[in-house]
Amino acid sequence: MDFRRAMPVTGRTVNITADLYEKADGDLLTTFFISPSDNLCFHGKCSYYCDTSHAICGNPDLLEGSFAAFLPSSKIAPTKVWRHPWRRSYHKRRKAQWETDPNYCTLVREIHPYDKGRRLHDLMDMSIFDFLMGNMDRHHYETFRMFGNDTFTLHLDHGRGFGKPFHDELSILAPLLQCCIIRQSTLETLLNFHNGPQKLSEAMRQSMSKDPVAPILWEPHMEALDRRVEIILRGVRDCLTKGDDVISDPKDEDT
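Residues numbered from 1 in each chain as written. Predicted model: local features only at pLDDT ≥ 70, side-chain atom pairs only at ≥ 80, totals over all residues. Heavy atoms only, no water.

Labelled according to an unreviewed UniProt entry, the protein chain appears under the name FAM20 C-terminal domain-containing protein, originating from Brassicogethes aeneus. Regarding the protein chain, the relevant UniProt record gives this comment under Sequence similarities (unreviewed entry): "Belongs to the FAM20 family." Among the UniProt annotations of the protein chain, the heading Cofactor (unreviewed entry) holds the following wording: "Mn(2+)". (UniProt positions renumbered as here; feature names shortened; annotations may be inferred.)

The structure is reproduced here in structure tokens:
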């Protein structure tokens, strides 16, 4: 999509014993254990889901995973964490406001930093990014502090992506469908993938073909990408039929 806001990632096969266990120390070292199936596992240290029931296990100690390039350290480039306006309630019975209020975007547009500049457009791009891979878990996002509000959003933590290739979760597109705005460059990219000559699935196959652990995605996920491009474009078309000023040129932005 040419957003350039997600970290470069590559697949690798690691030996948990040699590459992790023998080099670990402190709190991390205490999280390693042998499973009932005689596989070497660990769960690390974090705020959520870091326990033995959510462990990462080798076979018996070989592990295939994705590894992202490091961001600059927090001492060099500190980041700010923002609560996503379209965050899910994560409650079985209580819904978030955006799920029940069709005019929710009007409220968001009045709140800093979404009342001017590029931030709201960035969230539209992020919702498209998440919808394409089916990621429903975008509860927070980050920006670099040094640039203040004149900065882009960082696309981090996509662990819930590419889970259900046969289900298109439209609620992920709520920001776009409720606000009815999209960058001209983003729309052009979607149209190019829809009309060809190269589909998004073909671009993904080409991108991942040289990865050390290729193939990466199950083929139904590839088919889902092309299907979801069409769904996004239908949503934009519905916005246009309402008479809204939908397409924004980057030159019109304040930053």
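From this point, things continue past the structure.
1. Observations concerning the sheet that holds strand β3 (residues 40–42)
Strands sit in the order β2-β3-β4 across an open sheet of three strands; the sheet is antiparallel. Two strands in the sheet have a free side with no partner beyond their single neighbour: β2 (33–34) and β4 (56–57). (Pairing = 2+ DSSP bridges. Helix = DSSP H or I, 4+ residues; strand = E, 2+ residues; numbered from the N terminus.)

2. Some points on the state of the cysteines
Under the counting rule described, the total for this entry stands at four disulfides. Bridging C46 to C50, the disulfide has an S-S length of 1.9 Å. When the S-S torsion is 110 degrees, as for the bridge of C46 with C50, the disulfide is right-handed. Looking at C50, the relative accessible area reads 24%, which means it is partly exposed. Residue pairing for C105: its cysteine sulfur links by disulfide to C179, the two sulfurs lying 1.9 Å apart. Every disulfide takes its handedness from the sign of the S-S torsion; for C105 and C179 that torsion is 105 degrees, giving right-handed. Placement of the pair is C105 in helix α4 (residues 104–108) and C179 in helix α6 (residues 174–179), with a sequence separation of 74 residues. Here C105 matches C179 in class, with each residue buried. Taken N- to C-terminal, the disulfide-bonded cysteines of the protein chain are connected 1-4, 2-3, 5-6, 7-8. (Disulfide = S-S within 2.5 Å. Buried < 20%, exposed > 50% of the residue type's maximum accessible area, 1.4 Å probe, protein only.)

3. Some points on the UniProt feature "binding site: Mn(2+)" (unreviewed entry) in the protein chain
Per the UniProt record, "binding site: Mn(2+)" (unreviewed entry) is found at D157. Setting aside chain neighbours within four positions, we find D157 in contact with N135, R138 and H139. (Contact = heavy atoms within 4.5 Å.)

4. As for helix α7 (residues 184–195)
With 12 residues, α7 should cover 16 Å at 1.5 Å per step; its first-to-last C-alpha distance of 16 Å lies within 8% of that length. Elements in contact with the buried residues of α7: α5 (119–133), β8 (182–183), α8 (200–208), α9 (219–241) and β9 (247–248). Phi for G196, located one or two positions after α7, is positive at around 85 degrees. (Expected span 1.5 Å × (residues − 1).)

5. Looking at the pattern of salt bridges
For the coordinates displayed, the defined rule picks out 11 salt bridges. R5 is the partner of D125 in a salt bridge, and the nearest nitrogen-oxygen pair spans 3.3 Å. With a gap of 120 residues between them, D125 in helix α5 and R5 in the segment before β1 (9–15) connect regions that are remote in the sequence. By relative accessible area, D125 is classed as buried at 1%. Ionic pairing is found between R205 and E219, a salt bridge with its closest N-O pair at 2.3 Å. Taken as a pair, R205 in helix α8 and E219 in helix α9 lie far apart in primary sequence, 14 residues in all. A cluster of three or more residues bridged by salt bridges with shared partners is formed by R5, R118, D122, D125 and R183. (Salt bridge = Lys/Arg side-chain N within 4 Å of Asp/Glu carboxyl O.)

6. A few points about unusual backbone geometry
With omega at 5 degrees, the peptide bond leading from H112 into P113 counts as cis. Assignment of secondary structure puts P113 in the loop between α4 and α5. Cis geometry is found at the peptide bond from G196 to P197, where omega equals 15 degrees. Considering the arrangement of structural elements, one finds P197 in the loop between α7 and α8. Backbone geometry at F162 places phi at a positive 55 degrees, although glycine is not the residue there. For F162, the location among the structural elements is in the loop between β7 (140–144) and α6.

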